[in-house]
Amino acid sequence: MIVIDENMVLKLLDWDKTFQAMEVAMRRCTEKRIVQTARSKTQVLDKPNLLVSMPGYLEDSTFGALGCKLVTFFPTNSNLPKPLPTVMASILLFDETTGLPKAYVGGFEITKWRTAAASAVATQHIYAKRSKPLRVLAILGAGEQGRAHADCFKHCFNFQEIRVWNRTASKAKSLVDEYNKKYNTNIFKHCESNEKCVRGADVIVAVTNTSEPIVMADWVKAGAHINSVGLGKTHHSEVEEKLYFDADVYIDHWEGARAELSGLIKAGVQFKGEVGSVIANEVQTEDANRVTIFQSLGMAVEDCAMGRLIYDTYLKTHSN
Ligand SMILES: NC(=O)C1=CN([C@@H]2O[C@H](COP(=O)(O)OP(=O)(O)OC[C@H]3O[C@@H](n4cnc5c(N)ncnc54)[C@H](OP(=O)(O)O)[C@@H]3O)[C@@H](O)[C@H]2O)C=CC1
Ligand SMILES: O=C(O)C1=NCCCC1
């Protein structure tokens with residue numbers, strides 16, 4: 001079995017290929033060329049900490065794989081004397097014919113990259129391909145995902161301004177300073193409040209553990225697009241609930257949504273469709289003034305696609 005550790009994974013990752021892998025995973029999902037059920041969660045007693053198991057099979061000549069991601073979500077890690085990441089992951093790939101274990105692939109970087117790229121794919125197909133404005137991006141949350149989304153959206157789009165807000169302001173300020181230097185630009189701007197960050201933004205990314213809404217309906221401009229990624233009390237805690245009734249809400253996969261967005265479903269919110277059906281041009285938002293939301297849950301087959309991409313790239317670059 002090949003072991004591809006986190007350092008190696010990071011060397012092999014590439015935004016364009018990650019974007020492509022997410023497009024394929026999402027499209028294949030809608031075409032039913034995948035197998036994945038709602039993921040199983042094992043909670044550590046009396047703690048908010050979870051071990052999540054995500055097995056999947058993706059049929060595709062380039063990105064297809066049989067694999068399983070095991071991911072821990074330990075929000076309490078941020079309070080440790082020496083904080084650890086709150087989301088950590090490992091991916092196992094198996095031979096599709098024999099079932100033999102093929103590779104262990106570190107899943108920490110992959111989870112960051114594929115989640116940010118899934119938001120970028122959703123933004124491209126639900127929003128940007130309708131020739132909508134891409135002037136101001138608002139990122140709420142400057143943790144691991146906030147950073148990955150800042151890199152990914154800088155790479156994939158051409159925003160004139162990328163605003164960053166974080167509950168702990170110093171982390172957003174550090175991100176802004178670091179990224180303006182890294183990209184030799186001044187488009188990254190720190191926002192003191194989530195309201196200032198959201199008002200007037202064309203695209204909004206929410207990537208926090210909040211259990212209370214941080215994106216209020218009245219702040220969101222007509223026709224804006226929101227990627228809501230974070231998991232607080234529920235997967236839809238970041239956006240004020242009433243906005244879900246006045247927006248076109250897209251999901252990554254129905255099985256996951258039925259299990260993890262049951263609160264929204266019970267409240268009567270209807271989903272417009274999977275992002276895969278938008279990629280396939282089967283569904284689209286027609287009204288330019290309607291807000292669109294991508295409610296990102298994360299899918300096992302996204303990790304299968306990434307495992308295969310990294311495995312193949314590793315074999316190409318380490319052939320002896
Ligand atoms: N949809 C998907 O596919 C995936 C979703 N996720 C989810 O994305 C979220 C972010 O992950 P990640 O960046 O790795 O986590 P980090 O621990 O690195 O960052 C957490 C972020 O959430 C903020 N935060 C925590 N509590 C609150 C609160 N009550 N109000 C406002 N902000 C808060 C933190 O702010 P501060 O600095 O002030 O503490 C920080 O910005 C998590 O909920 C995670 O489960 C992760 C992977 C995949
Ligand atoms: O898809 C994932 O990976 C995760 N989703 C939400 C919680 C942490 C990991």
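Placed above this text is the structure.
The shown structure was predicted, so the numbers you read here are calculated from the model rather than taken from an experiment.

## A word on the environment of Ala 120
Position of Ala 120 relative to the elements: it lies in helix α3 (residues 108-127). Remark: the alpha-carbon pair of Ala 120 and Asn 180, spanning 60 residues in sequence, is separated by 20 Å. Once you skip the residues sitting within four places of it in the chain, Ala 120 turns out to touch Phe 19, Cys 152, Phe 153, Cys 156 and Phe 157.

## Observations regarding unusual backbone geometry
Even without glycine at this site, Lys 32 takes up a positive phi of about 65°. Tracing the backbone through its elements, the reader meets Lys 32 in the loop between α2 (15-30) and β2 (34-35). What makes Lys 32 exposed here is its relative accessible area of 59%. Backbone geometry places Asn 184, a non-glycine residue, at a positive phi of 50°. Inspection of the secondary structure assignment puts Asn 184 in the loop between α5 (169-182) and β10 (188-190). Judged by relative accessible area, which is 73%, Asn 184 ranks as exposed.

## Quick notes on the environment of Ala 206
The residue Ala 206 is located in strand β11 (residues 203-206) in this model. Taking the C-alpha atoms as reference points, Ala 206 and Gly 146, separated by 60 residues in sequence, lie 8.1 Å from one another.

## Notes on the pattern of salt bridges
One pass over the full model with this rule turns up 20 salt bridges. Its salt-bridge partner being Glu 178, residue Arg 147 comes within 3.0 Å of it at the nearest N-O pair. Taken together, the residues Arg 147 in helix α4 (residues 144-156) and Glu 178 in helix α5 connect sequence positions 31 residues apart. Judged by its relative accessible area of 23%, Arg 147 falls in the partly exposed class. Exposure remark for Glu 178: the relative accessible area of 40% places this residue in the partly exposed category. The partner of Asp 248 in a salt bridge is Lys 272, with the nearest N and O atoms 3.9 Å apart. With a gap of 24 residues between them, Asp 248 in strand β13 (residues 247-251) and Lys 272 in strand β14 (residues 271-274) connect regions that are remote in the sequence. Judged by relative accessible area, Asp 248 falls into the buried class, the value being 9%.

## Things to note about the site of ligand 2
Taken together, Arg 39, Met 54, Lys 69, Val 71, Thr 111, Arg 114, Leu 231, His 235, Leu 297 and Gly 298 are the residues near ligand 2. Arg 39 is positioned with one of its side-chain polar atoms (N or O) 3.0 Å from an oxygen atom of ligand 2. Within the side chain of Lys 69, a nitrogen or oxygen atom sits 2.6 Å from an oxygen atom of ligand 2. Protein burial of ligand 2: of its 260 Å² of free accessible surface, 89% is covered by the chains. When each cavity is represented as a set of grid points, ligand 2 is found to reside in the largest pocket.

## Some thoughts on the layout of surface pockets
Considering only enclosed or pocket space, the largest pocket measures out at about 1,500 Å³ in volume. Around the largest pocket, the lining is made up of 50 residues, and of these Phe 73, Thr 86, Val 87, Thr 208 and Asn 209 lie nearest the centre. If you list the elements that add at least two residues to the lining of the largest pocket, you get β3 (40-43), β4 (50-58), β5 (65-73), α3 and α4. Examining the composition of the lining of the largest pocket, we find that five residues originate from one element, α3, more than from any other. When grouped by side-chain class, the residues that make up the lining of the largest pocket number 19 nonpolar, 21 polar and ten charged. Looking at the lining of the largest pocket, you find at least three residues from each of domain 1 (2-110 + 301-317) and domain 2 (116-295). Each pocket or cavity is described by its volume, and for the second largest pocket that value is around 160 Å³. Looking at the lining of the second largest pocket, the elements with two or more residues in it are α3, α4 and α5. The leading source of residues in the lining of the second largest pocket is α4, at four residues.

Thresholds, definitions, all that
Residues numbered from 1 in each chain as written. Chains lettered and ligands numbered in written order. Predicted model: local features only at pLDDT ≥ 70, side-chain atom pairs only at ≥ 80, totals over all residues. Heavy atoms only, no water. Helix = DSSP H or I, 4+ residues; strand = E, 2+ residues; numbered from the N terminus. Contact = heavy atoms within 4.5 Å. Buried < 20%, exposed > 50% of the residue type's maximum accessible area, 1.4 Å probe, protein only. Salt bridge = Lys/Arg side-chain N within 4 Å of Asp/Glu carboxyl O. Near = heavy atom within 4 Å. Polar contact = N/O pair within 3.5 Å; in protein donor to acceptor, adjacent residues only side chain to side chain. Areas by Shrake-Rupley, 256 points an atom, 1.4 Å probe, with all protein chains shown as cover. 1 Å grid on protein atoms, 1.4 Å probe; cavity = no way out; pocket = protein on both sides within 12 Å on 5 of 7 lines; lining within 4 Å. Sits in = over half its atoms within 2 Å of the grid points. Points joined across faces, edges and corners; volume = space filled by probe spheres on them. Nonpolar A, V, L, I, M, F, W, Y, C, P; charged D, E, K, R; others polar. Domains from an automatic or database assignment.

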